[in-house]
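One-letter residues, chain by chain:
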Amino acid sequence: MVVATQMLESMITSPTPTRAEVSDVATAIYDGADAVMLSAESAAGKYPIEAVTMMDRIANSVERDPVYSSRIHFTETQMEPTIADALSGSSRQIAGTVNAKTMVVFSKSGSTARRIARERPPVPILAMSPSQTTSRRMGLYWGVHSVHSKDVSSFEEMVGKAKRMALRHHLAEGGDRVVIMAGIPFGTAGSTNVLHVVRLVGDELERHTTPE
């Protein structure tokens, strides 16, 4: 969900927002918005940098609030009786338990990335898709760093690529654990059925020269 209607409108002409505007942005984030968006404030306003900075400050402040997690999960979304939903629902707890630094998701349709983002995991989500349309859409999901990339064809290739991409995008480093989710057979939308935890060595990029 993206909230994007006149959120900091007064900052078109003023360097600071009104109290009501700050409250509106905070409420949208507490209510589980994936993204809050500026329009005229940054496109035509006098204070675009201040507006973006203010939006970022409000979002970070809300997400550091100890009650944030309970607020966004106040209304639970009923999981469907599918493997994809079961794994996505468990992924947040697993990432926290093993102290993972990031989650890597291979998602052709984007549905798995959306499910995981709904759980608000404590780490970034690196989502990869061979579909450029899907990649662009996933970039709007909460906590998702989206990458348009070639698909994989085997389990070993999936693990290797997940490690390299986590390093390449500076979401993990040598010694860190990474949670990987994908579907077998590869390239089939809606087939998510694998959750795998790996530890990075740190030299995976140096040992791979094929374009991805």
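Anything mentioned here points back to the structure above.
Residues numbered from 1 in each chain as written. Predicted model: local features only at pLDDT ≥ 70, side-chain atom pairs only at ≥ 80, totals over all residues. Heavy atoms only, no water.

1. A look at the overall build of the protein
The condition is simple: Per the convention used, a helix needs a DSSP run of H or I reaching at least four residues, while a strand needs a run of E reaching at least two, with both numbered from the N terminus. C-alpha atoms define the radius of gyration in this analysis, and the globule rule sets the expected value at 2.2 Å times the number of residues to the power 0.38. Throughout, exposure labels follow a simple rule: accessible area from a 1.4 Å probe, protein chains only, divided by the maximum for the residue type, with under 20% read as buried, over 50% as exposed, and the rest as partly exposed. Using the Shrake-Rupley algorithm and a 1.4 Å probe, accessible areas are obtained, with residue cover drawn only from the displayed protein chains.
For the protein, the helix and strand inventory stands at 8 helices and 7 strands. Relative to the globule expectation of 17 Å for 212 residues, the C-alpha radius of gyration of the protein, 19 Å, shows essentially globular dimensions. Expressed as a percentage of its 212 residues, the buried residues of the protein come to 41%. Summed over all atoms, the accessible surface of the protein reaches about 11300 Å², with 53% contributed by carbon and sulfur.

2. Considering the nonpolar core
As a reminder of what qualifies: Remark: nonpolar core denotes a set of buried residues (Ala, Val, Leu, Ile, Met, Phe, Trp, Tyr, Cys) joined through side-chain atoms within 4.5 Å. Contacts were defined at the residue level, with two residues in contact if any of their heavy atoms lie within 4.5 Å.
Ranked by size, the top nonpolar core spans 34 residues in total, and within it L8, V25, V62, Y68 and V144 carry the most contacts. Of all the elements in the fold, those that place two or more residues in this core are helix 1 (19-30), helix 3 (48-64), helix 4 (68-72), helix 5 (83-97), strand 3 (102-106), helix 6 (111-118), strand 4 (125-129) and strand 6 (177-183). Once you skip the residues sitting within four places of it in the chain, L8 turns out to touch P17, E21, V25, L38, E41, A51, M54 and M55. With 21 residues, the next largest nonpolar core counts M128, A162, F186 and L200 among its residues.

3. Description of the sheet that holds strand 3
Rule in force here: Any two strands are treated as partners once DSSP identifies two or more bridges connecting them. In this analysis, axes come from line fits to C-alpha atoms, helices being fitted only over the stretch in contact, and the angle between any two N-to-C directions falls in the range 0 to 180 degrees.
With respect to topology, 5 strands assemble into an open sheet ordered 5-4-3-6-7, the strand pairing being mixed. The sheet terminates laterally at strand 5 (144-148) and strand 7 (192-199), the two strands that pair on one side only. Taking the axes of each pair of neighbouring strands and ignoring which way they run, one obtains an average angle of 20° across the sheet. Relative to strand 4, strand 3 is paired through 4 bridges, and the arrangement is parallel. By the bridge assignment, V104 is partnered in strand 4 with L126. This element, helix 8 (residues 155-168), spans strand 3, strand 4, strand 6 and strand 7 of the sheet and lies at about 55° to strand 7.

4. Topic: the environment of Y30
Looking at where Y30 falls in the secondary structure, it is placed in helix 1. Counting along the chain gives 79 residues from Y30 to S109, while the straight-line C-alpha distance between them is 27 Å. Aside from chain neighbours lying at most four places away, what touches Y30 is V62, D65, V67, Y68, R71 and I72.

5. Topic: helix 1
Selection criterion: Residue count minus one, scaled by 1.5 Å, sets the expected span of a helix.
The first and last C-alpha atoms of helix 1 sit 16 Å apart over 12 residues, in line with the 16 Å expected at 1.5 Å per residue. Buried within helix 1 we find E21, V25, A26, A28, I29 and Y30. Close packing links the buried residues of helix 1 with strand 1 (2-3), strand 2 (35-36), helix 3 and helix 4. Looking one or two residues past helix 1, G32 carries a phi angle of roughly 100°, positive in sign.

6. Remarks on the pattern of salt bridges
Quick reminder of the rule: Just to be clear on terms, a salt bridge is a Lys or Arg side-chain nitrogen sitting within 4 Å of an Asp or Glu carboxyl oxygen.
Per the stated rule, a full pass over the model turns up 2 salt bridges. Measuring nitrogen to oxygen at the nearest pair gives 2.3 Å for the salt bridge that ties D85 to R115. Placement of the pair is D85 in helix 5 and R115 in helix 6, with a sequence separation of 30 residues. In this structure, D85 and R115 share a single accessibility class: buried. Here E119 ties to R118 by a salt bridge, and the two come within 3.7 Å at their closest N and O atoms. With a relative accessible area of 14%, E119 lands in the buried category.

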